[in-house]
Amino acid sequence: MAWKQNMIRHAKRLVVRCFKVVYKGMQKTVSVDEHTVIFIAFHGRGYTDNPKYIHQEMCKQSRFDDYTFVWALKKPNVEIEHAKTIRYNSLHYFYYMCKAKYWIVNCKLPKHIQKKPEQVYLQTWHGTPLKRLAHDIVEVENQTFYRSGMNRKQMTDTYDDDVAKYNYMIAPNEFSYEVFQTAFRINPKRLIKTGYPRNDFLTNITPEEIENIKQRFHIPAHKKVLLYAPTWRDNSYNTRGYTFELKADFHRWKEVLGDEYVVLFKPHYLIINKFENDASLEGFIYNVDANADINDLYVISDVLVTDYSSVFFDYANLNRPMYFYMFDLEEYADELRGFYFDIYEVMPGDIIQDEEQLLADIKKGQYDFKRLEAFNQRFNNWQDGHASQRVIDIVFGKE
């Protein structure tokens, strides 16, 4: 069975290589259409994140009625309102990368994607960084990066190549505005201070909409919801992708919290593990697809448990308790990327390494909202529900 999967992956790579050759010819022959926009989130993993909310705002405005919106997806068999869906890395994808006047993307594009001078590349990025990025990562002797084993120069070159193509890059807060200049070595004139479009959803959501989402997930009306959203580890991977060793005893979580809570477990989209629960956890643990739009999970949850993921910067907008379960803190902080700030001073919640303490604190409802208020004043003071409009006005001009 494994050899068949390897053969399929090898065949797909060959096809993409052929498309890349054709793409070079398209670059010279396909003209740019002023009214075509292509959207890409997480290399085609779904209709989500900042590009989704910019697209939705554009759909509301009549000035874009004659525009063609294209979404590049790994699984394009979904319907997106007012948009054409194409397969990511397909021949159609390369064609529209040549044709679209505007690229709205939340992830680093590969080097072979070339932008024409008349095209406009908006890089929305996908989070305020806790972990050091790109040029800001503290260099360690013989250090390699990602599953590919790049050296430091190769890693930073991938960022430099992409950044050189940006017309605009979104800064969600003043902190990121400063950090992006050192991490990406981007000219600050190309950074736009708008806040994140995806957080408009968190600011503008209504109680009725939250209830509808809860019903869609079949959450019992009498239970509180705990969202557990850990991130990936740079040094944990196999030939297929990044792996995550779950250090959560969900049976114990059920013993302590099961009368009051259900748990939504959403791993990072880069994690390839498939997590399955035994029958005894049915109705307590809800495994959520790693590519699902996490905004839906934020608004229906009463509590967030995470580790080093940037999800807490967004979740803080909801003014709800957050706990940081960092069971591997020493290894992560010292051996991997390092942090931009003192997590004990700045994080909007306690750093917890012991699982029993985590469960006890959640059970008691122990949380300091004053820390959260100070955190939001620093990191979320631009989030007023109108970030998408500000981005559109800058990139496309005011109506």
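Everything quoted here is computed from the prediction, not taken from an experiment.

What's the story with the overall build of the chain in this structure? I'm lost.
A count of helices and strands for the chain gives 15 helices and 13 strands. Within the chain, the fraction of its 399 residues that count as buried is 55%. Within the chain, contacts between residues separated by at least 24 positions form 69% of all contacts whose residues are at least 6 apart in sequence. For the chain, the accessible area works out to roughly 18,900 Å², and carbon and sulfur atoms hold 49% of it.

Before we go on, may I ask you to explain the sheet that holds strand E3 (residues 84–87) in this structure?
Two orientations exist for strands paired in a sheet by backbone hydrogen bonds: parallel and antiparallel. The seven strands are arranged E3-E2-E1-E4-E5-E6-E7 in an open sheet whose pairing can be described as parallel. A single partner strand is all that each edge strand has here, and the edge strands are E3 and strand E7 (191–193). Going from strand to strand, the sheet's axes swing by 25° on average, the running direction of each strand aside. Where strand E2 (residues 68–73) lies against E3, four bridges are found, and the strand directions are parallel. Note that in E3 the partner of Trp 71 across the bridge is Thr 85. Running over the sheet, helix H3 (residues 91–99) touches strand E1 (33–40), E2, E3 and strand E4 (100–105) and is turned about 130° from E1.

Can you help me understand the sheet that holds strand E12 (residues 322–325) in this one?
Strand order in the open sheet formed by six strands is E10-E9-E8-E11-E12-E13, and the pairing between neighbours is parallel. Each having just a single partner strand, strand E10 (285–287) and strand E13 (351–352) make up the two edges of the open sheet. Examined bridge by bridge, strand E8 (residues 224–229) and strand E11 (residues 303–306) share four bridges and lie parallel to one another. The partner of Leu 227 across the bridge, within E11, is Leu 304. Across the face of the sheet, helix H13 (residues 355–364) comes into contact with E8, strand E9 (261–265), E11, E12 and E13 while running at roughly 175° to E12.

What should I look at first to understand helix H15 (residues 387–396) in this one?
Since the α-helix packs 3.6 residues into each turn, any two residues three or four apart lie on the same face. If you check which residues of H15 are buried, you get Ala 387, Ser 388, Val 391, Ile 392, Val 395 and Phe 396. Within H15, the buried residues cover an arc of 135° as seen down the axis, which keeps them to one side. One or two steps after H15, the chain reaches Gly 397, where phi turns positive at roughly 90°.

Any chance you could explain the nonpolar core here in plain terms?
One recurring pattern in soluble globular proteins is that nonpolar side chains are buried together. Residues Tyr 93, Tyr 228 and Trp 253 are the most contacted members of the largest nonpolar core, which totals 129 residues. Contacts of Trp 253, omitting those with residues within four sequence positions, involve Leu 226, Tyr 228, Ala 248, Gly 258, Val 263, Phe 284, Val 305, Glu 355, Leu 358 and Leu 359.

Could you clarify how one ought to interpret the packing of aromatic side chains in this entry?
How two aromatic rings sit relative to each other is set out by the distance from centre to centre and by the angle between their planes. Inspection of the entire model under this criterion finds 38 aromatic pairs. Between Tyr 228 and Phe 265, the ring centres sit 5.6 Å apart and the planes meet at 20°, which makes this aromatic pair stacked. Placement of the pair is Tyr 228 in strand E8 and Phe 265 in strand E9, with a sequence separation of 37 residues. Taken as a pair, Tyr 228 and Phe 265 share a single burial class, namely buried. Considering the side-chain rings of Phe 375 and Phe 379, the 4.6 Å spacing of their centres and the 35° angle between planes classify their relative orientation as tilted. Of this pair, Phe 375 and Phe 379 are both found in helix H14 (residues 369–379), four residues apart, which corresponds to roughly one turn of the helix.

What is the right way to look at the confidence of the model for the chain in this model?
Do not read the fine detail of predicted coordinates wherever pLDDT is low. Per-residue confidence for the chain gives a mean pLDDT of 89; residues scoring 70 or more make up 87%. For residues 233–244, every residue scores under 50 in pLDDT, and the model assigns this stretch 46 contacts once sequence neighbours within four places are set aside. In the model, residues 269–275 has pLDDT below 50 throughout and makes 25 contacts with residues more than four positions away in sequence or in other chains.

I would appreciate a short explanation of the pairing of E12 in the present structure.
The alternating pattern of E12 places Met 322 and Phe 324 and Tyr 323 and Tyr 325 on opposite faces, both of which are buried. When E11 meets E12, the two strands line up parallel, connected through three bridges. For Leu 304, the partnering residue across the bridge sits in E12 and is Met 322. The pairing of E12 with E13 spans two bridges and is classified as parallel. Across the sheet, the residue bridging to Phe 324 is Ile 351, located in E13.

Before we go on, may I ask you to explain the packing of helix H8 (residues 250–257) against H13 in this structure?
Helix-helix packing: each pair is described by the crossing angle between the helix axes and the interaxial distance. Contact geometry of H8 with H13 gives a least axis separation of 10 Å together with a crossing angle of 30°. Comparing the axis directions of H8 and H13 gives the class roughly parallel. Two packed elements cross with a definite hand, and for H8 against H13 that hand is right-handed. Across from Arg 252, Trp 253, Val 256 and Leu 257 in H8, the residues of H13 making contact are Glu 355, Glu 356, Leu 358, Leu 359, Ile 362 and Lys 363. When grouped by side-chain class, the residues that make up the contact of H8 with H13 number six nonpolar, no polar and four charged.

About the cut-offs
- Residues numbered from 1 in each chain as written.
- Predicted model: local features only at pLDDT ≥ 70, side-chain atom pairs only at ≥ 80, totals over all residues.
- Heavy atoms only, no water.
- Helix = DSSP H or I, 4+ residues; strand = E, 2+ residues; numbered from the N terminus.
- Buried < 20%, exposed > 50% of the residue type's maximum accessible area, 1.4 Å probe, protein only.
- Contact = heavy atoms within 4.5 Å.
- Areas by Shrake-Rupley, 256 points an atom, 1.4 Å probe, with all protein chains shown as cover.
- Pairing = 2+ DSSP bridges.
- Axes fitted to C-alpha atoms, helices over the stretch in contact; angles between N-to-C directions.
- Arc of directions from axis to C-beta.
- Core = buried A, V, L, I, M, F, W, Y, C linked by side-chain atoms within 4.5 Å.
- Phe/Tyr/Trp six-rings, centres within 6.5 Å; stacked < 30°, edge-to-face > 60°.
- pLDDT = per-residue confidence, 0-100.
- Parallel < 35°, antiparallel > 145°, perpendicular 65-115°, else oblique.
- Left-handed = near helix turned anticlockwise from the far one by under 90°.
- Nonpolar A, V, L, I, M, F, W, Y, C, P; charged D, E, K, R; others polar.

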